Amino acid sequence: MTVGEVAQRSGVAVSTLHFYEAKGLIAATRSRGNQRRFSRDILRRIAIIRVAQHLGLPLAEITALLKPIPAGKQPTAAAVREMVGNWRQSLQARIDGLIRLRDHLDGCIGCGCLSLEDCPLRNPSDELGATGSGPVLLQRDQA
């Protein structure tokens, strides 16, 4: 299939297909005229990528999930089940992180200051500044 045919069938822009290829998510062969050619199994792979993106998985994680399935090979039902199981774990970790974030923000939002440098409740005298940069409390909770 040509890149245009894949774009039309998958509902993904040609530029997105080029991006996926550059990131190693999909692979194409080249014709004698140096044009991209995709096997039909690419449509399922793109569908998996789009579903994973819709779920909020970052491309690096999607790449890792697809790594056991070489480009050009149709994923088996067992491989897809394994991926979905990994998605569940990843999504649960993200949900847990969002719940922690929500619970930590409740106190700050309640006082209205939203300051990490001068908050007598969350960071008195900017004590956390000496322990690292960024949202130290939230990063520590995620570790």
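For the structure itself, consult the block above.
What counts and what doesn't
Residues numbered from 1 in each chain as written. Predicted model: local features only at pLDDT ≥ 70, side-chain atom pairs only at ≥ 80, totals over all residues. Heavy atoms only, no water. Salt bridge = Lys/Arg side-chain N within 4 Å of Asp/Glu carboxyl O. Helix = DSSP H or I, 4+ residues; strand = E, 2+ residues; numbered from the N terminus. Buried < 20%, exposed > 50% of the residue type's maximum accessible area, 1.4 Å probe, protein only.

(A) The arrangement of the pattern of salt bridges in detail. As enumerated under the stated definition, the model contains two salt bridges in all. The salt bridge involving Arg 36 is made with Glu 21; its shortest N-O contact spans 2.4 Å. A residue pair is termed long-range when its members are at least 10 positions apart, and Arg 36 in strand β2 (residues 36-37) and Glu 21 in helix α2 (residues 14-22) qualify at 15 residues. For Glu 21, a relative accessible area of 17% corresponds to the buried category. Between Glu 61 and Arg 94 there is a salt bridge whose closest N-O contact spans 3.9 Å. Taken as a pair, Glu 61 in helix α4 (residues 59-66) and Arg 94 in helix α5 (residues 77-111) lie far apart in primary sequence, 33 residues in all. Classification of Arg 94 as partly exposed rests on a relative accessible area of 30%.

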